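# Fold and geometry: a report
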Amino acid sequence: MTSRAVKPSSSRAFAVVLCVLVALATRARGAIQSQEDAPTTTLRRLLGKSHYSTNDEVVLYANKVGPFHNPSETYQYYDFPFCRTPEGVKHKLEDLGEVLGGDRLARSPYVIPFRVDRENVDLCTQFLERKEVQKFRSAVRNDYYFQMSFDDLPIWGFIGKVEKIMRPGAEAENKYFLFTHVHFEISYNDDQVIEINLSTDPLKTIDITADESMSVRFSYSVHWKPTTITYANRMEKYSRYSFLPEHLEIHWFSIINSCVTVVLMMGFLASILLRVLKNDFVKFSQDEEMLESQEESGWKYVHGDVFRFPRGRSLFAAIIGTGTQLFFLVLFVFMLALIGAFYPYNMGAVTASCLVMYALTAGIAGYVSSNTYRQMGGENWVRNVLLTCVLFCGPLGLMFSFLNTVAIAYRSTAALPFGTIVIIILLWAIVTIPLTIIGGIAGKNAKSEFNAPVRTTKYPREIPVLPWYRSTIPQMCLASFLPFSAIYIELFYIFASVWGHKVYTIYSVLFIVFVILVLVTAFMTVSLTYFQLTAEDHEWWWRSVLCGGSTAIAIFGYSFYYFHLRSDMNGFMQTSYFFGYMGVICYGWFLLLGAVGHKASLLFVRHIYRAIKCD
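All values reported here derive from a predicted model rather than from experimental measurement.

Moving on, we come to the overall build of the protein chain. Summing up its helical and strand segments, the protein chain has 17 helices and 12 strands in all. Intrachain contacts of the protein chain at a sequence separation of at least 6 include 80% that bridge at least 24 residues. Counting every atom, the protein chain has about 28700 Å² of accessible surface; 62% of that belongs to carbon and sulfur.

Okay, here's the thing in structure tokens:
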């Protein structure tokens, strides 16, 4: 489960917003019942601290189980025949982030009083039928782990182990053992829980290799010890145990090395581009008498066509509007991360924040899209606004419907409950669509005009035949090379965090990489736009979007490399989840970077044509 420490006031405000949404979701859902008073629980968790007296029971919640190499394929803990409480399965009230993260917390039968040691306590004696033994054996074979939560601190352990038995003159034989005893090592500071570690006793196992029913005795022990670590710093343990290099300096050095390389390449190309532009300005600024004896060539030759609006104006404007919205969404999420709103193993909260921020920033998409469409001379602004509403949500909704159906078929906790889906749909219908429409109305009624620096001719010039490498696809490949090089080092860490059990904690590095990605994308798109105009190809509008967003296509290509060569993920559900959601994520980044590429190219084209005199 997601762990929480004392949060800043701004983080608490954001948490309150999420809590209101989740309170509605959990009540509408009805699938998860609360075993404790909801207002008290919510208030205690928002305040962050939990205080206990000696002998007070600290509840241990069982969460989920799943194959270690398939992080999306998780199941409820009590789908397996583990020991249960006498009252049966009692689920805990969860917030939106926990539900989106696939958490399904239920009270466990472990009795753990605060600061009271316990040794070899019988938990229960469970009689396992043959099918249940087979289920455990399959789980051990596939490296299943379980996750629990103790005072909002996550803990993990493996269900069992596999031993290879070697006999002379015979083939190796695998033996499957189920762990029957767990030991909890808990640290406390005064009246607060600071840290918990779980270990299994390799001597207390039972052989489940044979396909037969059996009785299993489960037990546990608890040991408390004092610590000087404060409650506010108890999450640092999870940051230290993350996947990042053992020495943070190594990670920073690799990032700086990549950034310096990219900056030097940008500087080299920029100096060349500026020198060429300077020569162009000098040549185009000659006296009119000298120009009359020369035929115009290069990018000035297409001055009458460069501001001719592209075909598919409504779709083009919707892409720019949605990409701008996603750009601000990423900025806002980074702000939350940098002020400490997210904690290790808190992927559900990141997803929830993206969901809420997307709804709240919908007005940006509506305004930018409608205003761009109006400046291009579009009249059917209603269709434009509706297209903006579904441009990103449509593919995301279709992909989610398919993947959620797969998760339901697998009975996985990754499947969202019906009530939560209803809340998300209502959030989209009540917040996202109205804000998009309001932004569209504001953009339609805005007074700003396009005001091209040169006059557009009535009929377009014919584009000369160009070499193959100046076509769209080779230019997109060229445009993606430098931006992808800038983020390549971080991609592995991000993938290992999103699609693994690792944690990413240095958001400052990630933000720097994001800034560099935006700058390099803008620079590469501007450069390619200039060379396109120099070749007298004036259809640069769509090309700027495609070249800007091409880095997202490269990231999607990298996902194939990561899946097959850098991970051990397998199975239909995990494969469909990985490529399905990676496709949607890369599509969103395509819109974002495409909008960045076009905005940068538009500023550049305006600047160079404003600086020369054209008839």
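Right, picking up where we left off after that structure.
Glancing now at the nonpolar core. Within the largest apolar cluster, 84 residues are counted, with the highest numbers of intra-cluster contacts made by F495, F578 and Y609. At the level of secondary structure, the elements contributing two or more residues to this core comprise α6 (248–284), α8 (313–338), α9 (347–360), α14 (472–498), α15 (507–534), α16 (541–566) and α17 (572–610). Ranked by residues supplied to this core, first place goes to α17 with 16 residues. Each residue touching F578, except ones within four places of it in the same chain, is listed here: F495, W499, S559, Y562, F563 and M569.

All right, on to the sheet that holds strand β12 (residues 214–226) then. Strands sit in the order β4-β12-β9-β10 across an open sheet of four strands; the sheet is mixed. The strands lining the two open edges of the sheet, one partner per strand, are β4 (118–128) and β10 (192–200). Taken over all neighbouring pairs, the strand axes of this sheet differ in orientation by 20 degrees on average, direction set aside. Bridge analysis of strand β9 (residues 181–189) against β12 gives eight bridges, and the strand direction is parallel. The residue of β12 that forms the bridge with Y188 is P226. Against the sheet, helix α4 (residues 130–141) makes contact with β4 and β12, and its axis sits at roughly 125 degrees relative to β4, the strand it touches most.

Any aromatic ring pair is given by two values, namely how distant the centres are and how the planes are angled relative to each other. Counted by the stated rule, this structure contains 53 aromatic pairs. With centroids separated by 5.5 Å and ring planes inclined at 50 degrees, the aromatic side chains of Y558 and Y561 adopt a geometry described as tilted. With a gap of three residues between them, Y558 and Y561 both fall in helix α16, about one helical turn apart. On the accessibility criterion, Y558 (5% relative accessible area) is buried. For Y561, a relative accessible area of 32% corresponds to the partly exposed category. Sitting above the plane of the Y176 ring, R141 keeps its charged end 5.1 Å from the centroid. Its end group placed over the ring of Y301, R461 keeps NZ or CZ at 4.2 Å from the ring centre.

For the structure shown, the criterion picks out one disulfide. C389 carries a free sulfur, and the closest cysteine sulfur to it, the one in C393, is 8.0 Å from it. C389 sits in the buried class, given a relative accessible area of 5%.

What follows deals with the pattern of salt bridges. Tallied over the entire structure, the rule returns 14 salt bridges. Across the pair D211 and R130 runs a salt bridge whose closest N-O atoms are separated by 3.3 Å. With D211 in the loop between β11 (205–207) and β12 and R130 in helix α4, this pair connects stretches of sequence that are 81 residues apart. The structure contains a network of salt bridges with shared partners spanning R130, R137 and D211.

With that settled, consider the confidence of the model for the protein chain. Low-pLDDT portions of the prediction should not be read for the details of their coordinates. Summing up the model confidence of the protein chain, the mean pLDDT is 85 and the portion of residues at 70 or higher is 86%. A low-confidence stretch, residues 1–48 stays under pLDDT 50, and its non-local contacts, those more than four residues away or across chains, total 106 contacts. Predicted confidence is poor over residues 243–247, with pLDDT under 50, and the contacts of this stretch with residues over four places away or in other chains come to 12 contacts.

Direction vectors running N to C along helix α12 (residues 393–409) and α17 enclose 170 degrees, while the axes themselves pass 10 Å from each other. Overall, the two elements α12 and α17 adopt an arrangement that is roughly antiparallel. Between α12 and α17, the residues in contact are P395, L396, M399, F400, F402, L403, N404, V406 and A407 and F572, M573, S576, Y577, G580, Y581, V584 and Y587, respectively. Per-class residue counts for the contact of α12 with α17 are 14 nonpolar, three polar and no charged.

Burial analysis of strand β8 (residues 173–179) places five of its seven residues in the buried class, the great majority of the element. Relative to β8, strand β7 (residues 160–165) is paired through six bridges, and the arrangement is antiparallel. Note that in β8 the partner of I165 across the bridge is E173.

Before going further, it helps to examine the sheet that holds β8. Spatially, β7-β8-β11 is the arrangement adopted by the three strands of the open sheet, whose pairing is antiparallel. Both edges of this open sheet fall to β7 and β11, since each of them pairs with a single strand only. When strand polarity is set aside, the average angle formed by the axes of neighbouring strands in this sheet is 35 degrees. Looking at chain direction, β8 and β11 are connected through three bridges and run antiparallel. Across the sheet, residue F177 finds its bridge partner in β11, namely D207. In this fold α4 packs onto β7 and β8, with an angle of close to 110 degrees to the strand it touches most, β8.

Next up on the list: α4. The terminal C-alpha atoms of α4, which comprises 12 residues, lie 16 Å apart, in line with the 16 Å expected from a rise of 1.5 Å per residue. Buried residues belonging to α4 abut β4, β5 (144–150), β7, β8 and β12. Directly after α4, the chain includes D143, whose backbone phi takes a positive value near 55 degrees.

Locating D305 in the fold gives a position in the loop between α7 (288–292) and α8. Exposure remark for D305: the relative accessible area of 1% places this residue in the buried category. Sequence-distant contacts of D305, defined by excluding residues within four places in its chain, comprise T457, Y459, P460, R461 and H538.

Residues spaced three or four apart along an α-helix point in a common direction, a consequence of the helix completing one turn every 3.6 residues. Across its 27 residues, α14 extends only 32 Å between first and last C-alpha, which sits more than 12% below the 39 Å expected from 1.5 Å per residue. Along α14, the sharpest change in direction is near 50 degrees and occurs at Y488.

For the pair helix α11 (residues 381–391) and helix α13 (residues 418–444), the least separation of the axes is 10 Å and the interaxial angle reads 140 degrees. The pairing of α11 with α13 is recorded here as oblique in orientation. α13 is crossed by α11, and the crossing has right-handed handedness. Contacts between α11 and α13 pair W381, V385, T388, C389 and V390 from the former with W428, I433, T436, I437, G440, I441 and K444 from the latter.

Turning our eyes to something else, we now look at unusual backbone geometry. Even without being glycine, R115 reaches a positive phi, approximately 60 degrees. You can see R115 is positioned in the loop between β3 (106–107) and β4.

Conventions and cut-offs
- Residues numbered from 1 in each chain as written.
- Predicted model: local features only at pLDDT ≥ 70, side-chain atom pairs only at ≥ 80, totals over all residues.
- Heavy atoms only, no water.
- Helix = DSSP H or I, 4+ residues; strand = E, 2+ residues; numbered from the N terminus.
- Contact = heavy atoms within 4.5 Å.
- Areas by Shrake-Rupley, 256 points an atom, 1.4 Å probe, with all protein chains shown as cover.
- Core = buried A, V, L, I, M, F, W, Y, C linked by side-chain atoms within 4.5 Å.
- Buried < 20%, exposed > 50% of the residue type's maximum accessible area, 1.4 Å probe, protein only.
- Pairing = 2+ DSSP bridges.
- Axes fitted to C-alpha atoms, helices over the stretch in contact; angles between N-to-C directions.
- Phe/Tyr/Trp six-rings, centres within 6.5 Å; stacked < 30°, edge-to-face > 60°.
- Lys NZ or Arg CZ within 6 Å of the ring centre and 35° of its normal.
- Disulfide = S-S within 2.5 Å.
- Salt bridge = Lys/Arg side-chain N within 4 Å of Asp/Glu carboxyl O.
- pLDDT = per-residue confidence, 0-100.
- Parallel < 35°, antiparallel > 145°, perpendicular 65-115°, else oblique.
- Nonpolar A, V, L, I, M, F, W, Y, C, P; charged D, E, K, R; others polar.
- Expected span 1.5 Å × (residues − 1).
- Bend = angle between axes of the 7 residues up to and from the residue.
- Left-handed = near helix turned anticlockwise from the far one by under 90°.

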